[in-house]
Amino acid sequence: MTATSRQPAPPPPPHHTPPPMTAGVVPGAGAGAAGAAFPTEADLARATRTHRQGPFAIASRKLPISKAGPIAALEADLGIPVPEMIFGDNLLAVSHAPSGWAIAFRARDALDGVDKTGLPEGGLLQVAHARSWAASRERAGDTRDIMEVVRPFDWSYSTAYRGTVTVPGSSGTGTGTGTGTRSQHGPGDGTATDTVTTTTGSGAQQQGEEREESKEEQGRPNHHQNQNHHQQEEDSSSSSSSSSRDLRFRPTTKAIPLELLKRRDPILFFDEVVLYESELDDNGVSVLSAKVRVHERRLLLLCRLFLRVDGVVVRVRDARVYVDFDAEEVTREYTAREAAFEDARRALLMTGLRPDEITIALRDANKIADLLPIVEQTLESVTLKS
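Model, not experiment: these values are computed from the prediction.

Caption draft 1: Structural context of the overall build of the protein chain. Assigned secondary structure in the protein chain consists of ten helices and 15 strands. Of all 386 residues assigned to the protein chain, the portion counted as buried reaches 37%. Here the analysis covers contacts within the protein chain between residues at least 6 apart in sequence; of these, 63% occur between residues at least 24 apart. Split by element, the accessible area of the protein chain, about 22,700 Å² in all, is 52% carbon and sulfur.

So, in structure tokens, the structure goes:
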């Protein structure tokens, strides 16, 4: 028997260990994308459109719905669940370069104005079938505890948001601003808040000190009195300048000039952004959006909350910002309209709409807003020209 010569076995192929997966990185993607979270600062800059008109700049940004990570961080910050469609990076803003004044509309600040107490006296809404459901539970012998509102926040996401206003040059801090800035925004009660504390001294105390100094100056050479007089003038000028830069909104009776806005002037810039939207678990809709149109001598910005809870209520809350570029004056008007759902249907019926047209109109804030009664309205302005 002849021994068969055996060929040596080929070496095994080298073991290939796949590279570790990195969260958010697709295999084969460029190295520059590794570990990058969306949106980056570069993404935000690319998505931002800016139009300049005189001393003002108008900026808008539209990006996709926020991802899971930013949503979780936002919910932790706000303390409530956010709407199912949240556009946390969207923005509409107007700024005044000479003074540093600005007003911006963002989803985060708007949601911060939603009621988080969960108290029944806070006006929380129940869906139309809640009453019949509660009645059936009572017939079944359940306790009254079942009838309590389950969600510890205003699940309709109703907000009286009027924008976040930033004014530099004052002590204190505010929402979304850094040191030395002031921020005003509309909280749940619909009133603007100002978190700035002024550091000016008591006027009476200063006057008393000046009187004492005046007595001491008697009998001294006149050049000392002149120095004191000039110093008082400088102090008065400095105080006046500081006061003139207190650029907060103040109540006014000067309304937004609607006739000028109805003119067919060329539109130089237009954009519309959605800040958040919820279908309220198929019980209606709650949507907050903002849009702006810019003409040569003026602009109008509208931030609108449209809420419809089927069988319960219809709300439209408008914050309008009007800017006169020549006068460098900003006017803000806030109007809240509200009616019971059936009253809103009846108002549409009185306009001659058919039942199918009424159903469509109840989904369009533009068709229903003017038919709802006004429940709150404020008008305020600020002049930015130095």
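Caption draft 2: Highlighting the packing of aromatic side chains. Counted by the stated rule, this structure contains five aromatic pairs. Note on F56 and F325: the rings are 5.6 Å apart at their centroids and 50 degrees apart in plane angle, and the pair reads as tilted. Taken together, the positions of F56 in strand β2 (residues 56-61) and F325 in the loop between β13 (313-324) and β14 (329-340) put the pair 269 residues apart, joining distant regions of the chain. Each member of the pair F56 and F325 is classed as buried. Where F105 meets Y161, the ring centres are 5.8 Å apart and the plane angle is 80 degrees; that geometry is what we call edge-to-face. A residue pair is termed long-range when its members are at least 10 positions apart, and F105 in strand β5 (residues 101-105) and Y161 in the loop between α4 (130-139) and β6 (164-168) qualify at 56 residues.

Caption draft 3: Representation of helix α8 (residues 341-350) within the structure. Taken together, the buried positions of α8 are occupied by F341, A344 and L348. Here the buried residues of α8 occupy an arc of 65 degrees about the axis, which is enough to place them on one side. Where α8 is buried, its residues contact β12 (298-309), β13, β14, α9 (355-361) and α10 (365-368).

Caption draft 4: Spotlight on the sheet that holds strand β11 (residues 284-294). The strand order across the open sheet built from eight strands is β3-β10-β11-β12-β13-β14-β15-β9, with neighbouring strands paired in antiparallel fashion. Since the sheet does not close on itself, it has two edges, and those belong to β3 (85-86) and β9 (250-251), each with one partner. Where β14 lies against strand β15 (residues 374-383), nine bridges are found, and the strand directions are antiparallel. Its bridge partner being in β15, E329 is matched across the sheet by T383. Across the sheet, α8 touches β12, β13 and β14, and the angle it forms with β14 is around 100 degrees.

Caption draft 5: How the structure looks around the side chain of T159. For T159, the position within the fold is in the loop between α4 and β6. We classify T159 as buried; its relative accessible area is 2%. Here the side chain of T159 touches A110 through a polar contact of 2.9 Å, landing on its backbone oxygen. Dropping the residues within four chain positions of it, T159 is found in contact with A110, G113, V114, Y276, L288, L305 and R317.

Caption draft 6: View of the pattern of salt bridges. Scanning all chains against the criterion turns up 26 salt bridges. Its salt-bridge partner being R49, residue D271 comes within 3.3 Å of it at the nearest N-O pair. Here R49 lies in strand β1 (residues 48-53) and D271 lies in strand β10 (residues 269-278), a separation of 222 residues in the sequence. For the salt bridge of E333 with R320, the shortest nitrogen-to-oxygen distance reads 3.9 Å. Of this pair, E333 sits in strand β14 while R320 sits in strand β13, and the two are 13 residues apart along the sequence. For E333, a relative accessible area of 17% corresponds to the buried category. Owing to a relative accessible area of 23%, R320 belongs among the partly exposed residues under this scheme.

Caption draft 7: Representation of the pairing of β15. Where β9 and β15 come together, two bridges link them in antiparallel fashion. Each residue of the ladder has a partner; that of R250, found in β15, is S381.

Caption draft 8: A look at the confidence of the model for the protein chain. Chain-level pLDDT for the protein chain is 77 on average; 62% of the residues reach the 70-or-more range. Taken together, the stretch residues 14-35 has pLDDT below 50 and engages in five contacts with residues farther than four places along the chain or on a different chain. Counting contacts from residues 145-150, a segment whose pLDDT is below 50, to residues more than four positions away or on other chains yields eight contacts.

Caption draft 9: Broad picture of the environment of A107. Its location among the elements puts A107 in helix α3 (residues 107-111). A C-alpha to C-alpha distance of 6.8 Å links A107 and F87, two positions 20 residues apart in sequence. Not counting chain neighbours up to four residues away, the residues in contact with A107 comprise I86, F87, G88 and L275.

Reading the values: rules and limits
Residues numbered from 1 in each chain as written. Predicted model: local features only at pLDDT ≥ 70, side-chain atom pairs only at ≥ 80, totals over all residues. Heavy atoms only, no water. Helix = DSSP H or I, 4+ residues; strand = E, 2+ residues; numbered from the N terminus. Buried < 20%, exposed > 50% of the residue type's maximum accessible area, 1.4 Å probe, protein only. Contact = heavy atoms within 4.5 Å. Areas by Shrake-Rupley, 256 points an atom, 1.4 Å probe, with all protein chains shown as cover. Phe/Tyr/Trp six-rings, centres within 6.5 Å; stacked < 30°, edge-to-face > 60°. Arc of directions from axis to C-beta. Pairing = 2+ DSSP bridges. Axes fitted to C-alpha atoms, helices over the stretch in contact; angles between N-to-C directions. Polar contact = N/O pair within 3.5 Å; in protein donor to acceptor, adjacent residues only side chain to side chain. Salt bridge = Lys/Arg side-chain N within 4 Å of Asp/Glu carboxyl O. pLDDT = per-residue confidence, 0-100.

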